[in-house]
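Commentary on secondary and tertiary structure
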Amino acid sequence: MVVGVAGGIAAYKACELVRRFSESGHDVTVVPTSAALQFVGASTWAALSGKAVAADVWSAVHEVPHVRIGQEADLVVVAPATADLLAKAAHGLADDLLTNTLLTARCPVVFAPAMHTEMWEHAATQANVATLRGRGALVIEPAEGRLTGKDTGKGRLPEPSEIFEVCTQVMARSREHAGRDLVDLVGHRVVVSAGGTREYLDPVRFLGNRSSGLQGYALARAAAARGAEVTLIAANTALADPAGVTVVRVETTAQLRTEVLAASAQADAVVMAAAPADFRPTDVSDAKIKKSDDGSSPAITLTQNPDILRELSGDRLRAGQVIVGFAAETGDSTGSVLDLARAKLARKGCDLLVVNDVSGGAVFGSPDNEAVILAADGSAVEVPRGSKAALAHVIWDQIARRFTP
Ligand code: CTP
């Protein structure tokens, strides 16, 4: 695989990316631009990758590196991709080793742009990004946050660990789905909710639940790796922002509802992987509730929260929108896990319901999951035990089939 590095200050973060690829057994060739070498020297890249490094096409000419490196790659990721590099790639310029490599590569290509907000938002850059996406490249949205100097905004390079995740998923999908469109969600806006809400009793205490947010984050990450424009509404999670995903943080079910409904107005699919609390304390004390001297305990009265999934399914904020719910069931005296799930699917009115059997309590916080995906049309897809990422991709496969062309 090839890690291309363009000339931005975020080049130093690519060191961590190269290290992760090398440590996980990949044969990495680093191809910096000459501008990138102003930030991080060739010896650093050579040491991290275990290979000689060149930016121009004049080293080891007898090996024809300007053709061979691209032809042999199973993935080319450019991180950071500057405005200049994106422009050159979009227009097919080939004036150094990296741009030659991009023209000769026939494998998946991932660009992780990083630049100042103005440069990213400029019509020229946006047109170049659209051109590259139109040709099947995955261009990850930059993250928001601190940029070089004192300014903040959209344009940061996502965390190397998250770029690594995206690349790993792209490579896995390209092995499994050779010849199929890897970025099949390009042009689709999707919303995913994740985590568990907190319902406050007073400024320091809340009612919460055990949802880790891992499955929702896996869904957001998988959708971004397939080219979707993803908004993740995250309730009380402590997980790294997935690369290319807009993350909106919330605490309570009321906040989750507001943000999900706002984002869903433009979305082709909404996946409610969050665990919103069904009830909230009717009264929230402004001050911390104190113990009383007589040993009596305060009674907590609860009020039912709105059911966001039901509301989304009933109102359908956008024509053709695919709505997906999750159900954690144990089965009881009235029915099996699947009986209860079918009834829930009908009650909620969503298109798909991802059903977890939580009898053993195994799902919470675990990297693995198994599920049955029930559809409103009566079909069911069983997903055997595997990673939450693998389940996420099967869920997106089911959603993508339901998008109207
Ligand atoms: N959900 C929601 N709003 C709520 C509660 C749940 O949108 N206030 C969504 C969850 O995100 C999930 C699905 O509904 O996708 C299933 O939640 P669950 O709590 O299992 O459903 P309930 O209808 O509350 O069923 P139960 O009586 O089993 O708790």
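Parameters and conventions
Residues numbered from 1 in each chain as written. Predicted model: local features only at pLDDT ≥ 70, side-chain atom pairs only at ≥ 80, totals over all residues. Heavy atoms only, no water. Helix = DSSP H or I, 4+ residues; strand = E, 2+ residues; numbered from the N terminus. Rg over C-alpha atoms; globule rule 2.2 N^0.38 Å. Buried < 20%, exposed > 50% of the residue type's maximum accessible area, 1.4 Å probe, protein only. Contact = heavy atoms within 4.5 Å. Areas by Shrake-Rupley, 256 points an atom, 1.4 Å probe, with all protein chains shown as cover. Lys, Arg positive; Asp, Glu negative; His and termini not counted. Charge placed at Lys NZ, Arg CZ, Asp CG, Glu CD. Expected span 1.5 Å × (residues − 1). Domains from an automatic or database assignment. Buried area = accessible area lost by both parts, 1.4 Å probe. Polar contact = N/O pair within 3.5 Å; in protein donor to acceptor, adjacent residues only side chain to side chain. Nonpolar A, V, L, I, M, F, W, Y, C, P; charged D, E, K, R; others polar. Pairing = 2+ DSSP bridges. Axes fitted to C-alpha atoms, helices over the stretch in contact; angles between N-to-C directions. Near = heavy atom within 4 Å. 1 Å grid on protein atoms, 1.4 Å probe; cavity = no way out; pocket = protein on both sides within 12 Å on 5 of 7 lines; lining within 4 Å. Sits in = over half its atoms within 2 Å of the grid points. Parallel < 35°, antiparallel > 145°, perpendicular 65-115°, else oblique. Left-handed = near helix turned anticlockwise from the far one by under 90°.

1. Details of the overall build of the chain
- Scanning the chain from terminus to terminus reveals 14 helices and 19 strands.
- A compact globule built from 405 residues would reach a C-alpha radius of gyration of about 22 Å, and the chain, at 24 Å, matches this within 12%.
- Taken along its principal axes, the extent of the C-alpha atoms in the chain is 85 × 50 × 40 Å.
- Burial status across the chain gives 48% buried among its 405 residues.
- If you take every contact in the chain between residues at least 6 apart in sequence, the share linking residues at least 24 apart comes to 68%.
- Roughly 18700 Å² of accessible area belongs to the chain as shown, and the carbon and sulfur atoms make up 52% of that amount.
- Mean positive and mean negative side-chain charge positions of the chain (39 and 46 charges, respectively) differ by 1 Å.

2. As for helix α10 (residues 214-225)
- Taking 1.5 Å of rise per residue, 12 residues should cover 16 Å, and α10 covers 16 Å from first to last C-alpha, within 8% of that figure.
- Burial analysis of α10 places 11 of its 12 residues in the buried class, the great majority of the element.
- For α10, every residue scored as buried is listed here: Gln-215, Gly-216, Tyr-217, Ala-218, Leu-219, Ala-220, Arg-221, Ala-222, Ala-223, Ala-224 and Ala-225.
- Positive phi shows up at Gly-227, right after α10, with a value of about 95°.

3. Here we look at the domain arrangement of the chain
- By the assigned domains, the chain splits into domain 1 (2-176) and domain 2 (189-286 + 295-402).
- Relative placement of domain 1 and domain 2: their C-alpha centres are 34 Å apart.
- Taken together, the contact pairs 11 residues of domain 1 with 14 residues of domain 2.
- Together, the buried faces of domain 1 and domain 2 total about 1000 Å²; carbon and sulfur atoms form 60% of this surface.
- Summed over the three residues of domain 1 that lose the most area to domain 2, namely Glu-162, Gln-169 and Arg-173, the buried surface amounts to 54% of that side.
- At the boundary of domain 1 with domain 2, the tally comes to 2 residue pairs in polar contact (both at pLDDT 80 or more).
- Broken down by element, the side of domain 1 that touches domain 2 gets its largest block of residues, 7 residues, from helix α9 (residues 160-176).
- Among the residues forming the side of domain 1 that touches domain 2, the class breakdown is 6 nonpolar, 1 polar and 4 charged.

4. Brief notes about the sheet that holds strand β12 (residues 245-250)
- Strand order across the open sheet formed by 8 strands is β12-β11-β8-β13-β16-β17-β18-β19, with mixed pairing between neighbours. Each of the sheet's edge strands pairs with one partner strand only, and the pair in question is β12 and β19 (380-387). Ignoring which end each strand starts from, the neighbouring axes of this sheet average 20° apart.
- Pairing between strand β8 (residues 189-195) and strand β11 (residues 229-235): 7 bridges, direction parallel. The residue bridging Val-192 from the neighbouring strand is Leu-232, located in β11.

5. Quick word on the site of the ligand
- The local shell around the ligand holds 13 residues, among which Met-272, Ala-274, Leu-309, Phe-326 and Lys-344 are the closest.
- In this structure, Met-272 approaches the ligand through a main-chain N or O atom, which is 2.7 Å from an oxygen atom.
- Here Phe-326 contributes a backbone N or O atom positioned 2.8 Å from an oxygen atom of the ligand.
- Across the complex, the protein chains shield 77% of the 580 Å² of accessible surface that the ligand would expose by itself.
- Because more than half of its atoms lie within 2 Å of the grid, the ligand is assigned to the largest pocket.
- Where the shell around the ligand is concerned, the elements lending two or more residues are α12 (308-315), β16 (322-329) and α13 (337-348).
- If one sorts the elements of the shell around the ligand by residue count, α13 sits on top with 3 residues.

6. Section: the packing of α10 against helix α14 (residues 388-402)
- Across the interface, α10 lies against α14 with an axial gap of 8 Å and an inter-helix angle of 60°. By the angle between their axes, α10 is oblique relative to α14. α14 is crossed by α10, and the crossing has right-handed handedness. Contact residues: Leu-214, Gln-215, Ala-218, Leu-219, Ala-222 and Ala-223 in α10; Lys-388, Ala-389, Leu-391, Ala-392, His-393, Ile-395 and Trp-396 in α14.
- Of the residues belonging to the contact of α10 with α14, the class tally is 10 nonpolar, 2 polar and 1 charged.

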